[in-house]
Amino acid sequence: MSDDPKAMKTSSQRDRLDALRAHLSSVGVDGCIVPRGDEYQGEFVAPYAERLVWLTDFTGSAGLAVVLSEQAALFVDGRYTLQVRDQVDDALYAIRHITDEPVSAWLKECLTKGQKLGFDPHLHTPGQVKKFREACEKAGAELVPLSINPIDAVWTDQPARPQAAAKVHPLEITGQSHEDKRKQIAETLRNDGHDAFLVTAADSLCWLFNIRGAVVENTPLVLASALLFSDGEAVLFIDSAKVSDDLRHHLGKDVGIAAVDGLGAVIDDLDDAISTIAVDKATVSQWAVDRLKASGLTVLQIEDPCSLPKACKNNTEVEGIRAAHVRDGAALTNFLAWLD
């Protein structure tokens, strides 16, 4: 093998691409979609979910790859025009601008009649899936959900999912208890005629329950989801390793704790206690929508009801913002003085 770093990088990317294609062939599909995001649709993801980086070496915060048996493409926005060509071998991937040369157009151009394009339903919203399906149908192809993520199947040294404990965000910082927040959002649900809301945005979940995490670099998110009912009670779906006695005490008797993948089991155990459930159309996964519908629920895609209350800062939060800016300004001033 050549000692040239660029040649070594190209060889490594080709090996990973070949491994992925071999797996896709073994499960009976002709290609797959590899997004940048994780199952919570967030911009910031933990190392285990950096599937696009593993496959392509592209480290930008937004992007998507489509791999077919004979060709592949990587879609990025204008921020990464130079970076993507430095990191990714354009002999392996066609580099496309995600807005000017969208994924749907490439699929219609490159898929052939009868082909099957796989996707992980945990990693895409219903809106995204709809666009992909329409593009496949126009090419005479089929969009197929995969039970196992194809990258996970071939990523031999994939990092484990982070297990850092969730921490209580105290009242002296939040200015409003999670009990009051749950009652506030529950009232909105009742007024809109919803029996429950599935919280899938990590920032909304952290705000709603007054908790923080340490599993994503530079962003204190807790990677979890929750069911909030119209009476204010809730179920938090979270890895058991992240749950301390302090957290259980903080959440109280009105918030149940279930396994991170326990949504289906909890819904099935409700015994028709609810009939309609709202989901955030921007962050809910296709898998979650399909599972909820399979339980006989009417699923309504809405704007996250936590978004506006979360954005309206109370006096305690405003003072916290000011204090943070003072500390930030001092740090920046010290750095500029040192640089000068």
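Located above this text is the structure these notes cover.
Calculation notes
Residues numbered from 1 in each chain as written. Predicted model: local features only at pLDDT ≥ 70, side-chain atom pairs only at ≥ 80, totals over all residues. Heavy atoms only, no water. Salt bridge = Lys/Arg side-chain N within 4 Å of Asp/Glu carboxyl O. Buried < 20%, exposed > 50% of the residue type's maximum accessible area, 1.4 Å probe, protein only. Helix = DSSP H or I, 4+ residues; strand = E, 2+ residues; numbered from the N terminus. Pairing = 2+ DSSP bridges. Axes fitted to C-alpha atoms, helices over the stretch in contact; angles between N-to-C directions. Contact = heavy atoms within 4.5 Å. Disulfide = S-S within 2.5 Å. Arc of directions from axis to C-beta. Lys, Arg positive; Asp, Glu negative; His and termini not counted. Polar contact = N/O pair within 3.5 Å; in protein donor to acceptor, adjacent residues only side chain to side chain. Expected span 1.5 Å × (residues − 1).

S.K.: Help me understand the pattern of salt bridges in this model?
M.R.: It is possible for side chains bearing opposite charge to pair when their charged atoms get close. Taken as a whole and judged by the stated rule, the model has 13 salt bridges. A salt bridge links Arg-79 to Asp-77; the nearest nitrogen and oxygen atoms lie 2.7 Å apart. Owing to a relative accessible area of 53%, Arg-79 belongs among the exposed residues under this scheme. Exposure remark for Asp-77: the relative accessible area of 18% places this residue in the buried category.

S.K.: Which parts of the structure should I look at to understand the pairing of strand 10 (residues 225–229)?
M.R.: Along any regular strand, the residues point their side chains to alternate faces of the sheet. The element strand 10 is largely enclosed, with a buried count of five among its five residues. Burial along strand 10 is two-sided: Ser-225, Leu-227 and Phe-229 and Ala-226 and Leu-228, pointing in opposite directions, are all buried. Looking at chain direction, strand 8 (residues 196–199) and strand 10 are connected through four bridges and run antiparallel. Bridging from a neighbouring strand, Ala-196 pairs with Phe-229 of strand 10. The sheet contact formed by strand 10 and strand 11 (residues 234–237) spans four bridges and is antiparallel. Bridge pairing in strand 11 links Ser-225 to Phe-237. Between the end of strand 10 and the start of strand 11, which pair antiparallel, lie four residues, with Gly-232 showing a positive phi angle near 95°.

S.K.: For this particular structure, what's the right way to read the sheet that holds strand 1 (residues 31–35)?
M.R.: As a general point, the strands of a sheet are linked pairwise by backbone hydrogen bonds and lie either parallel or antiparallel. Taken in spatial order, the six strands line up as 4-3-2-1-5-6 in an open sheet, and their pairing is mixed. The sheet is open, and its two borders are formed by strand 4 (94–97) and strand 6 (142–145), each paired with just one other strand. Strand after strand, the sheet turns through a mean of 25° between neighbouring axes, direction not considered. Both strand 1 and strand 5 (residues 116–119) contribute to a ladder of two bridges, which runs parallel. Bridge pairing in strand 5 links Gly-31 to Leu-117. On the sheet, helix 4 (residues 103–110) packs against strand 2 (64–68), strand 3 (72–76), strand 4 and strand 5 and is oriented at approximately 5° with respect to strand 2. Together, strand 1, strand 2, strand 5 and strand 6 form the strand contacts of helix 5 (residues 126–138), whose direction differs from that of strand 6 by roughly 140°.

S.K.: Would you explain the environment of Gly-127 in this entry?
M.R.: You can see Gly-127 is positioned in helix 5. Residue Gly-127 is classed as partly exposed on the basis of its relative accessible area, which comes to 37%.

S.K.: Where do I start with the state of the cysteines in this structure?
M.R.: Chemically, a disulfide is nothing more than a covalent bond linking the sulfur atoms of two cysteines. Inspection of every chain in the model, using the stated rule, returns zero disulfides. Unpaired in terms of disulfides, Cys-110 finds its nearest cysteine sulfur in Cys-136, a separation of 12 Å. Residue Cys-110 is classed as buried on the basis of its relative accessible area, which comes to 9%.

S.K.: When you look at helix 4 in this model, what are you seeing that I'm missing?
M.R.: In an α-helix there are 3.6 residues to a turn, and that puts residues three or four apart on one side. If you check which residues of helix 4 are buried, you get Val-103, Trp-106, Leu-107 and Cys-110. Buried residues of helix 4, seen end-on, are gathered within an arc of 100° and therefore sit on one face of the element.

S.K.: Which parts of the structure should I look at to understand the side chain of Asp-304?
M.R.: Structurally, Asp-304 is set in the loop between strand 14 (298–302) and helix 13 (307–311). Buried charge Asp-304 goes without a salt bridge, the closest partner of opposite sign being Lys-310 at 6.4 Å. There is a polar contact of 2.6 Å between the side chain of Asp-304 and the side chain of Ser-204. Reaching out from Asp-304, the side chain makes a polar contact with the backbone nitrogen of Cys-306 at a distance of 2.8 Å.

S.K.: Quick question: what am I supposed to make of helix 5 here?
M.R.: With 13 residues, helix 5 extends 18 Å between its outermost C-alpha atoms, agreeing within 8% with the 18 Å of an ideal straight helix rising 1.5 Å per residue. Taken as a whole, helix 5 has its buried residues at Pro-126, Val-129, Phe-132, Ala-135 and Cys-136.

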